[in-house]
Number of protein chains: 2
Amino acid sequence: MHFKKLALIGCGLIGGSFALALKRAQAIERVSGFSASLSSREKALSLHVIDESANSIQEAVQGADLVLVAVPVNAIEACLSNIRESLSDEALVMDVGSTKHQITLAAQRALKERLHCFVPAHPIAGKERHGVAHAEATLFDHHKTILTPTPQSDAHLVALAKQVWQTIGSTVSIMSPEEHDQALAAISHLPHLIAFAAVNAIAQQDQRDLFLSLAGPGFRDFSRIAASAPSVWVDIFLSNPNEVLDQLSMFKKAIANFEQALMRKDPQIIENLIESASTVRKDWTPTGSKK
Amino acid sequence: MHFKKLALIGCGLIGGSFALALKRAQAIERVSGFSASLSSREKALSLHVIDESANSIQEAVQGADLVLVAVPVNAIEACLSNIRESLSDEALVMDVGSTKHQITLAAQRALKERLHCFVPAHPIAGKERHGVAHAEATLFDHHKTILTPTPQSDAHLVALAKQVWQTIGSTVSIMSPEEHDQALAAISHLPHLIAFAAVNAIAQQDQRDLFLSLAGPGFRDFSRIAASAPSVWVDIFLSNPNEVLDQLSMFKKAIANFEQALMRKDPQIIENLIESASTVRKDWTPTGSKK
């Protein structure tokens, strides 16, 4: 597997890490980058994440056999529309958005007769720190990437997409956009919502500074995802609201079970509730990383 | 500051780490350990956490100028009752319980005329792995310890207690038991309850194995505290139920704000809610450890 030219649309943490990872794997000849922000493009160029800074999105994709659309979820449709007519015949086009159902619908509208070249992708990797300055060639190592091919996706491009992500260290799963969005609502979107709400609940109290000054490593890890970027997460929540609300309703029931047991001061029920969570969490091994 | 004999009642993670930390600081001549479980005592002896294994709690405290009661919250009262008549005149007695109001009441009942020697302590340190085998001399380094002296606590023993925890690496705060319990409900007890409930909400779903197989580092950190020991946490919740319920009610309001904004698909309100949490979390620096 070897590509002549990667068109990187969006030179941020994920896009930049993708380019660096392909370079590390010696799977790419050159990277042409475009980014709405000129300063991101220049930064990416100075960090050798991209080899040339394109002046337009069309210029970037010209002659590219690999296109990564690594822009915020709500910018993907416009981006795909803009590149449709400039795409090479053989190009594989992927996004890296955190939700998949709405993106698939957007791609159908935007790519039209070129939809077959598009393989929606979601690498489950990231950091609380955004921007190309934090990009790393190892970001996807030992992480999962989910592909959600459309019925129109070309089978050999799906196989190629799988190979790309494996080459840069990911384990690849293939599922439907709906399965993806439900799973991600459970293991990522709802946990973020909970962490944001938990920090807000503390922040509104008069003693917030005292409380936070006493918080230790448990709170540090529990609340780490609450530092995530607002613009990214507004997009994610709004592109997957129903699944997030479904998961939230199950979580509220789980909270209510605790609340009732605590009001009744029932040690047995409380112990059962903790025991089941503790067992599940202890038995779980996160993909390729420490417990 | 130098002690002749530490009586360690309860040879687990926290007690064992306390003994090791005092030894590292060369602040103690010998450690006599007692533990309800004979195997814990023997393990502590073989790991040189204690220098002698006492056959009774009374034997352990005999001649001790420092006594650490490092047993589960609901065992503290019986423990203090059992040692009262064997305590040396000059002994400083501390517990390490995670709640303080109920423990203070228990100490009043148990220690009676010896209450002046007792300085309730709570080192905010720990791991999900329990037992003396995981004890470390560095466990309290750069962590906070809260002291909640009673009105009867001898002032020079409070000063000495402060010195002890500082010597083994802690930063010490002094507050009332009520302030302590409220703060800990906010930054520790409720986050644990939330993490247990969040894992339970996932675990009850048919697709739990698929969901968990896709979960990444964000979920790993968010849910880490859900692996905590059930017996420890039943005790903590039941010794601080009202403060936990108060914090829970504020959290539920914070969740409801998100839910309403999500049902209305209101980007501005969602962004404000995330922005406030993200700013607070980014500005917070955990005591002596990485963000």
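Conventions adopted
Residues numbered from 1 in each chain as written. Chains lettered and ligands numbered in written order. Predicted model: local features only at pLDDT ≥ 70, side-chain atom pairs only at ≥ 80, totals over all residues. Contact = placed C-beta atoms within 7 Å. Helix = DSSP H or I, 4+ residues; strand = E, 2+ residues; numbered from the N terminus. Nonpolar A, V, L, I, M, F, W, Y, C, P; charged D, E, K, R; others polar. Axes fitted to C-alpha atoms, helices over the stretch in contact; angles between N-to-C directions. Parallel < 35°, antiparallel > 145°, perpendicular 65-115°, else oblique. Left-handed = near helix turned anticlockwise from the far one by under 90°. Domains from an automatic or database assignment. Pairing = 2+ DSSP bridges.

Here we look at the interface of chain B and chain A
Piece 1. Counting residues at the interface gives 76 residues for chain B and 76 residues for chain A.
Piece 2. Every element with two or more residues in the side of chain B that touches chain A is listed here: β7 (144-147), α7 (177-203), α8 (208-214), α9 (217-223), α10 (230-238), α11 (241-263) and α12 (267-283) of chain B.
Piece 3. Ranked by residues supplied to the side of chain B that touches chain A, first place goes to α7(B) with 16 residues.
Piece 4. Looking at the side of chain B that touches chain A, its residues break down into 53 nonpolar, 13 polar and 10 charged.

Remarks on the packing of helix α12 (residues 267-283) of chain A against α10(B)
Piece 1. Viewed as axis vectors pointing N to C, α12(A) and α10(B) meet at an angle of 135 degrees, and their least axial separation amounts to 9 Å. Looking at the two axes, α12(A) sits oblique to α10(B). Judged by the sense of rotation from one axis to the other, the crossing of α12(A) with α10(B) is right-handed. Residues A:P267, A:I270, A:E271, A:I274, A:E275 and A:S278 of α12(A) pack against B:P230, B:W233, B:V234, B:F237 and B:L238 of α10(B).

Regarding the domain arrangement of chain A
Residue and element names in this part refer to chain A.
Piece 1. Looking at the assigned domains, one finds that chain A contains domain 1 (3-175) and domain 2 (179-283).
Piece 2. Placing the centre of domain 1 and that of domain 2 at their C-alpha centroids yields a distance of 31 Å.
Piece 3. Classifying every residue of the side of domain 1 that touches domain 2 by side-chain character gives four nonpolar, eight polar and two charged.

Regarding the sheet that holds strand β5 (residues 92-95) of chain A
All names here are of chain A.
Piece 1. Taken in spatial order, the five strands make up an open sheet running β3-β2-β1-β4-β5, and their pairing is parallel. With partners counted over all chains shown, the strands left at the sheet margins are β3 (52-53) and β5, one partner each.
Piece 2. The pairing of strand β1 (residues 3-9) with strand β2 (residues 28-34) spans six bridges and is classified as parallel. Bridging across to β2, I9 finds its partner in F34.

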